[in-house]
Amino acid sequence: HSFFVQVNTGEEPQKSGIHVNQTIEFVEWCSKEKKLNIEGLMCIPPANEESNEHFEILKKLAQKCELKKLSMGMSNDFIDAIKCGATHVRVGSGIFGQRG
């Protein structure tokens, strides 16, 4: 199995994910101590903030962790996410429409 680590780049209490400044240590722990195959990082930026800032934070963290995959971007910001290096995007409402 392969895994992505969710990073709470916006430090939002209602969202899960590791804190930005704990990410590198956590990825190393998962890989070395728990023998998990960590492939990449993921984030969901705060709705009221510029997504690109969060995408760049995640990209830099992934580089420091030597991870090549980034899951970031949703239907409303996936183009910016791809420009920032996303390898995976979530575009559910872009395909299926808004939840009813």
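One can find the structure itself at the top, above this paragraph.
Note that the structure is predicted; figures quoted are calculated from it, not measured. (Residues numbered from 1 in each chain as written. Predicted model: local features only at pLDDT ≥ 70, side-chain atom pairs only at ≥ 80, totals over all residues. Heavy atoms only, no water.)

A few points about the state of the cysteines
This structure, assessed with the given rule, holds zero disulfides. In this structure Cys-43 is a free cysteine whose sulfur lies 9.7 Å from that of Cys-84, the closest cysteine sulfur available. With a relative accessible area of 0%, Cys-43 lands in the buried category. In this structure Cys-65 is not part of a disulfide, and its nearest cysteine sulfur, from Cys-30, lies 10 Å away. With a relative accessible area of 15%, Cys-65 lands in the buried category. (Disulfide = S-S within 2.5 Å. Buried < 20%, exposed > 50% of the residue type's maximum accessible area, 1.4 Å probe, protein only.)

Section: the nonpolar core
Residues Val-27, Leu-41, Leu-58, Leu-67 and Met-72 are the most contacted members of the largest nonpolar core, which totals 19 residues. When contributions to this core are tallied by element, the ones reaching two or more residues are helix 1 (23-32), strand 2 (38-42), helix 2 (51-64) and strand 3 (69-74). Element by element, the count of residues in this core is highest for helix 2, at four residues. Residues within four places of Leu-41 in sequence aside, it is in contact with Phe-4, Val-5, Val-7, Thr-23, Val-27, Leu-58, Leu-61, Ala-62, Leu-67, Lys-69, Leu-70 and Ser-71. (Core = buried A, V, L, I, M, F, W, Y, C linked by side-chain atoms within 4.5 Å. Helix = DSSP H or I, 4+ residues; strand = E, 2+ residues; numbered from the N terminus. Contact = heavy atoms within 4.5 Å.)

What to know about the environment of Ile-38
With respect to the element layout, Ile-38 can be found in strand 2. On the accessibility criterion, Ile-38 (10% relative accessible area) is buried. For the pair Ile-38 and Leu-67, spaced 29 residues apart in sequence, the C-alpha separation works out to 7.8 Å.

Thoughts on helix 1
Within helix 1, the full set of buried residues consists of Thr-23, Val-27 and Cys-30. Projected down its long axis, helix 1 carries its buried residues within an arc of 65°, all on one side. Exposed side chains of helix 1 directed beyond 90 degrees from the buried face belong to Glu-25 and Lys-32. Residues of helix 1 that are buried sit in contact with strand 1 (3-6), strand 2 and helix 2. (Arc of directions from axis to C-beta.)

What to know about unusual backbone geometry
Of note, the phi angle at Glu-11 is positive, near 50°, even though the residue is not glycine. Along the polypeptide, Glu-11 turns up in the loop between strand 1 and helix 1. Phi is positive for Glu-66, which is not a glycine, with a value near 60°. Counting through the fold element by element, Glu-66 comes out in the loop between helix 2 and strand 3.

Quick notes on helix 2
In a regular helix each residue adds 1.5 Å, so 14 residues correspond to 20 Å; helix 2 covers 20 Å between its end C-alpha atoms and thus fits that length. Three or more residues of helix 2 are buried, namely Ser-51, His-54, Phe-55, Leu-58, Leu-61 and Ala-62. The buried residues of helix 2 occupy one face: seen down the axis, they fall within an arc of 125°. Residues Glu-53, Lys-60, Gln-63 and Lys-64 are exposed on helix 2 and point more than 90 degrees away from its buried face. Summarising the contacts, the buried residues of helix 2 are in contact with helix 1, strand 2, strand 3 and helix 3 (78-83). Directly after helix 2, the chain includes Glu-66, whose backbone phi takes a positive value near 60°. (Expected span 1.5 Å × (residues − 1).)

All we've got here are geometric facts, nothing functional implied.
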